[in-house]
Amino acid sequence: MYNDKPLIHLFKTHGCYYVYDVNKNYIITTTKQAWDMLQKMLSQTITEKECSAEEKEALKEINKLKKQGLLSAKRIIEVQHGATELLPYILNNRISTMTLQVTQQCNLRCEYCIYSGAYENRHHSNKKMSIETAKKAIDFALSRSKDTNEFHLGFYGGEPLLEFQFVKTCMEYTLERGQGKEITFGLTTNGTILTEEIMDYFAEHKVQMLISLDGPYEIHNKNRRFAANNIGTFDAIIKNIEILKMRHPEYSNKIMFNAVLDPEDGFKCTNEFFTTFEAIKDSYCKGGTYSTINLKDDKEVDFNVDYYKEIQYEYFKFFLFADKRLDSKYTSKLVTDYYTYTKEMLYKNRYISESLSDMEHHSGPCLPGIKKLFIDVDGNIYPCEKVNEQSEALKMGHIDSGIDIAKVSNIINVGRLTKESCINCWAFRYCKICAVAADDGTKLSKEAKLKHCENTRLDAHQMLLDYCVLRELGHDFNRADAINLYEF
């Protein structure tokens, strides 16, 4: 499929002019004259007769690039995920990960929690998964993992440690039923009810534990408080972390922390806490602004301008560290994911293609069961834990009846909703939009999906800029493989 406009994106740094060629998946360095001419060509029809002498020279450069197969105007014809035809095989033979919703109960009431009441789709309840349902789910997944040597079982809530004996039983059952496979476990917790028994058991089984911790006392306690008395939880979490470090120092350094960054606050104070606070400074931490997807209309979010200035400065410093120009002690662990993502998307996994094929799908949707698979307390199957559990569109089936392949196909082919926009979008290869963002509560919606497109393009544009600036400064992304995020 062609039109008269090349499928490209133009961007520039302080000293260079670039063209991202979508068909070739290639970044071209060009002159300012050719860059200006391409910009003009994207907005209007150009005839050589109307061009100035300088513009004609620019056209010569553009034509040379076209002769090399660059600047193609080809678009895809059909939007279809490459794994669509393989779904029956994948979902019957290659499931390698599953997360159980242990309970919808929680001993905290966090302001931004998806169960807090601030969102349309979730609320806390007394529901919890029965051990019979859990064993069925584990058998369901393992029986569909014949062609994989690894299997990961995760636990999610609510607060899963309210049901520690349940978690322990599930782990032991999985180890028994999954003999011959490499079994790993993971758990997301608020960290307030970690007992010495739990610590010892998790250390023995090397459970990948992710603890929610938002920053120093004042910032953490602003949003994360006990349900029973509305008291902040910071002191309880830190006490448990310190006990864990004393009992299992090596294991405790592998614990990961997740900070939900509140854009109403500045970034600097939270960043300093994770860099210098003794109990966690040697651990891996990641941070992200809380989700506004499915927020109720009456819930307003104020954005502090300083927050964005400070986080951008930390990105800059981390880039200097990655290029061996700054000591790690001056960098923020909360921004490492962005560098890793940029590297993977624009270098490690980079390839030059002949052109777009006639049938492709934008990046974004992941394959359920390969990346994630979420089972709620009732045994319903969803692609991941971020879904709206009230939406039939994202319910893939039930452990008793199996997976509905047609529904999974709709989920991973969410780009079909916005076909015309997608086939003309320069950020097609770097899109992060999946079905969760397209869900309006009742169905997968074109309108809901399109709301995220502009920010997605802005993110891709910034990623291209950062990548090229680093390359201009001589940064070797291969050398960056030596960076160990646990050594901060």
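All of the points below concern the structure found in this document. The structure presented is a predicted model; accordingly, all values stated were derived computationally and were not measured.

### Re the packing of aromatic side chains
Here is step 1 of the chain: If you walk through the whole model with that rule in mind, you get 19 aromatic pairs.
Here is step 2 of the chain: Look at Phe-164 and Tyr-201: their rings are 5.9 Å apart centre to centre, the planes differ by 80 degrees, and that puts the pair in the edge-to-face class. With Phe-164 in helix 5 (residues 164-177) and Tyr-201 in helix 6 (residues 196-204), the pair connects residues that are 37 residues apart, well separated along the chain.
Here is step 3 of the chain: Take Phe-164: its relative accessible area is 7%, and that puts it in the buried class.
Here is step 4 of the chain: Relative to Phe-274, the ring of Phe-273 has its centre 5.1 Å away and its plane inclined at 80 degrees; by these criteria the two rings are edge-to-face. Summarising the burial analysis for this pair, Phe-273 and Phe-274 share the class buried.
Here is step 5 of the chain: Cluster of aromatic residues (ring-pair linked, three or more members): Tyr-315, Phe-318, Phe-319, Phe-321, Tyr-338 and Tyr-339.
Here is step 6 of the chain: When the ring centre of Phe-140 is taken as reference, the NZ or CZ atom of Arg-144 above it lies at 3.8 Å.
Here is step 7 of the chain: Above the plane of the ring of Tyr-341 lies Lys-432, whose end atom (NZ or CZ) is 5.5 Å from the centre.

### Observations concerning the environment of Ile-412
Here is step 1 of the chain: Take Ile-412: it is sitting in helix 13 (residues 405-412).
Here is step 2 of the chain: On the accessibility criterion, Ile-412 (0% relative accessible area) is buried.
Here is step 3 of the chain: Distance in space between the C-alpha atoms of Ile-412 and Cys-51 is 46 Å, their sequence separation being 361 residues.

### Structural notes on the nonpolar core
Here is step 1 of the chain: Counting residues in each nonpolar core, the largest one holds 114 residues, and the members touching the most others are Leu-100, Phe-155 and Phe-202.
Here is step 2 of the chain: Sequence-distant contacts of Phe-202, that is, excluding residues within four places in its chain, are made with Leu-161, Phe-164, Val-167, Met-171, Leu-187, Val-207, Met-209 and Tyr-251.
Here is step 3 of the chain: Listed in part, the 17 residues of the second largest apolar core include Leu-10, Trp-35, Cys-51 and Leu-65.

### Overview of the sheet that holds strand 1 (residues 8-12)
Paired through their backbone hydrogen bonds, the strands of a sheet run either parallel or antiparallel.
Here is step 1 of the chain: With antiparallel pairing, the 3 strands of this open sheet are ordered in space as 1-2-3. What marks the edges here is a single partner per strand, and that holds for strand 1 and strand 3 (26-30). Within the sheet, the average angular offset between the axes of one strand and its neighbour, ignoring direction, is 25 degrees.
Here is step 2 of the chain: Pairing of strand 1 with strand 2 (residues 17-21) involves 5 bridges; the strand directions are antiparallel. Its bridge partner being in strand 2, Ile-8 is matched across the sheet by Asp-21.
Here is step 3 of the chain: Its contacts with the sheet put helix 1 (residues 32-43) on strand 1, strand 2 and strand 3, and the angle it makes with strand 1 is roughly 135 degrees.

### Description of empty space enclosed by the protein
Here is step 1 of the chain: With the rule as written, the count across this model stands at 2 cavities of 30 Å³ or more.
Here is step 2 of the chain: What the largest cavity holds in volume is close to 50 Å³.
Here is step 3 of the chain: In terms of residue class, the lining of the largest cavity is made up of 5 nonpolar, 2 polar and 3 charged.
Here is step 4 of the chain: As a volume, the second largest cavity reaches approximately 30 Å³.
Here is step 5 of the chain: As for the second largest cavity, its lining consists of Ile-211, Ile-241, Leu-244, Lys-245, Ser-252, Ile-255, Phe-257, Ala-279 and Ser-283.
Here is step 6 of the chain: The element best represented in the lining of the second largest cavity is helix 8 (residues 234-247), accounting for 3 residues.
Here is step 7 of the chain: The residue makeup of the lining of the second largest cavity, split by class, is 6 nonpolar, 2 polar and 1 charged.

### Here we look at the packing of helix 5 against helix 6
Here is step 1 of the chain: Relative orientation of the contacting elements helix 5 and helix 6 amounts to 15 degrees, with a least axis distance of 12 Å. Classified by the angle their axes make, helix 5 and helix 6 are roughly parallel. Judged by the sense of rotation from one axis to the other, the crossing of helix 5 with helix 6 is left-handed. Contacts between helix 5 and helix 6 involve Phe-164, Gln-165, Val-167, Lys-168, Met-171 and Glu-172 from the first element and Glu-197, Ile-198, Tyr-201 and Phe-202 from the second.
Here is step 2 of the chain: Here the residues of the contact of helix 5 with helix 6 sort into 6 nonpolar, 1 polar and 3 charged.

### Here we look at the side chain of Thr-189
Here is step 1 of the chain: With respect to the secondary-structure elements, Thr-189 resides in strand 8 (residues 182-189).
Here is step 2 of the chain: Given a relative accessible area of 2%, Thr-189 falls into the buried group.
Here is step 3 of the chain: Side chain to side chain, Thr-189 and Glu-159 meet in a polar contact 2.9 Å long.
Here is step 4 of the chain: A polar atom in the side chain of Thr-189 sits 3.0 Å from the backbone nitrogen of Gly-191.

Conventions we followed
Within each chain, residue numbers correspond to sequence positions counted from 1 in written order. For this predicted model, a pLDDT threshold of at least 70 governs which residues receive local features, and a threshold of 80 or more governs which side-chain atom pairs are given and counted, while totals over whole chains, interfaces and linings are taken from all residues. Side-chain measures were taken over the full set of non-hydrogen atoms in the model, leaving aside hydrogen atoms and water. The rule is short: rings of Phe, Tyr and Trp, with Trp giving its six-membered ring, pair when the centres are within 6.5 Å, and they are stacked under 30 degrees, edge-to-face over 60, tilted in between. The secondary structure listing takes helices from DSSP runs of H or I that are at least 4 residues long and strands from runs of E that are at least 2 residues long, numbered from the N terminus. Working definition: with a 1.4 Å probe on protein chains only, accessible area under 20% of the residue-type maximum means buried, over 50% means exposed, and in between means partly exposed. Sitting over a ring, as applied to charges here, requires NZ of Lys or CZ of Arg to be within 6 Å of the ring centre and within 35 degrees of the ring normal. In this description, a nonpolar core means a group of buried Ala, Val, Leu, Ile, Met, Phe, Trp, Tyr and Cys residues linked to one another through side-chain atoms lying within 4.5 Å. Residue contacts are defined here by distance: any two heavy atoms, one from each residue, within 4.5 Å place the two residues in contact. The pairing criterion for strands is at least two bridges between them, as found by DSSP. To get an axis, fit a line to the C-alpha atoms, keeping to the stretch in contact for a helix; angles then go from 0 to 180 degrees between the N-to-C directions. Cavity: a set of points on a 1 Å grid over the protein atoms alone where a 1.4 Å probe fits but cannot get out. Pocket: an open set with protein on both sides within 12 Å along at least five of seven lines, its lining residues, like those of a cavity, having an atom within 4 Å of a point. Grid points are joined across faces, edges and corners, and a volume is the space filled by probe spheres set on the points. Residues are grouped as follows: Ala, Val, Leu, Ile, Met, Phe, Trp, Tyr, Cys and Pro are nonpolar; Asp, Glu, Lys and Arg are charged; all remaining types, including Gly, are polar. By the definition adopted for this analysis, an angle is roughly parallel if under 35 degrees, roughly antiparallel if over 145, roughly perpendicular if from 65 to 115, and oblique otherwise. Handedness of a helix crossing follows the sense of rotation of the near helix relative to the far helix, less than a right angle counterclockwise being left-handed and clockwise being right-handed. The definition of a polar contact used here is a pair of N or O atoms within 3.5 Å, where within protein one atom must be able to donate a hydrogen and the other to accept one, and adjacent residues in sequence count solely through side-chain atom pairs.

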